[in-house]
Amino acid sequence: MPIVESAIDADPACRRVFINVDRFQLQKCRFRCKAEDGRDFAFSLEVPLKHGDCVYATDTHCYELRQLPEKVLRITLPETPSDAAQLAWQIGNLHQPVDIRERDLLVGDDPALRRILKKLDVKFDSITDIFSPPPHSAYPAHQHVPGLEYDHSHFFGATHSAV
């Protein structure tokens, strides 16, 4: 069984064999799965992979990750900045991951969010699509800027190391 440690460059002439995975598997660094042709793979990654990455190749085949589409809400972005800010606040208040597109947002299909969108009169529809929100850790929520320090506490006795 091949052990995949990172994506590789694909030869465009090779035949594609897909390894179907859901977005939750793509967020992991360690997992096992099977390609469409039955070949087993183990993944031991430094960083998660993404839809479309080639992970293994033979002389004739390239094994490519294919994220499975899922049911999501496609929300049309409001035209005014204040309406867009209100929408962002509502989605963030529900701690929903968001896939930001050119003219709309994709979020998981959630009944609470549907009610809020209807109440705000925001246009949305239910579709099946590839849902790829950025990982939560992609945006640092806790940082320290010299000169802007303030007193605060940390969980589990964590402290800051000297820089």
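Participant: Looking at this structure, how should I read helix α2 (residues 81-93)?
Facilitator: Each α-helix winds once per 3.6 residues, and so residues spaced three or four apart point in a common direction. The end-to-end C-alpha separation of α2 is 18 Å, in line with the 18 Å expected for 13 residues at 1.5 Å each. Buried residues belonging to α2 abut β7 (70-76), β8 (98-100), β9 (104-108) and α3 (111-119). Of the residues one or two after α2, H95 is the one with positive phi, at around 55°.

Participant: In this structure, what is going on with the packing of aromatic side chains? I would like to understand it.
Facilitator: How two aromatic rings sit relative to each other is set out by the distance from centre to centre and by the angle between their planes. In the structure shown here, the tally under the stated rule is five aromatic pairs. Ring geometry for F41 versus Y56: centroids 5.5 Å apart, planes at 70°, classification edge-to-face. In this pair, F41 is assigned in strand β4 (residues 40-44) and Y56 in strand β5 (residues 54-57), connecting sequence segments 15 residues apart. Arranged with centres 5.2 Å apart and planes meeting at 55°, the rings of F41 and Y63 form a pair that is tilted.

Participant: Which parts of the structure should I look at to understand the state of the cysteines?
Facilitator: Between two cysteines, a covalent bond joining their sulfur atoms is known as a disulfide. Counted by the stated rule, this structure contains one disulfide. Shown here is the disulfide that connects C54 with C62, its sulfur atoms set 2.3 Å apart. Since its relative accessible area comes to 1%, C62 is described here as buried. Cysteine C14 shares no disulfide, and the gap to the nearest cysteine sulfur, in C62, comes to 6.4 Å.

Participant: Can you walk me through the side chain of Q67 in this structure?
Facilitator: With respect to the helices and strands, Q67 occurs in strand β6 (residues 61-67). Under the relative-accessibility criterion, Q67 is labelled buried at 3%. Side-chain polar atoms of Q67 contact the side chain of S132, separated by 3.2 Å. When sequence neighbours within four positions are dropped, the list of residues in contact with Q67 reads V21, D22, R23, L26, H51, I130, F131 and S132.

About the criteria used
Residues numbered from 1 in each chain as written. Predicted model: local features only at pLDDT ≥ 70, side-chain atom pairs only at ≥ 80, totals over all residues. Heavy atoms only, no water. Helix = DSSP H or I, 4+ residues; strand = E, 2+ residues; numbered from the N terminus. Expected span 1.5 Å × (residues − 1). Contact = heavy atoms within 4.5 Å. Phe/Tyr/Trp six-rings, centres within 6.5 Å; stacked < 30°, edge-to-face > 60°. Disulfide = S-S within 2.5 Å. Buried < 20%, exposed > 50% of the residue type's maximum accessible area, 1.4 Å probe, protein only. Polar contact = N/O pair within 3.5 Å; in protein donor to acceptor, adjacent residues only side chain to side chain.

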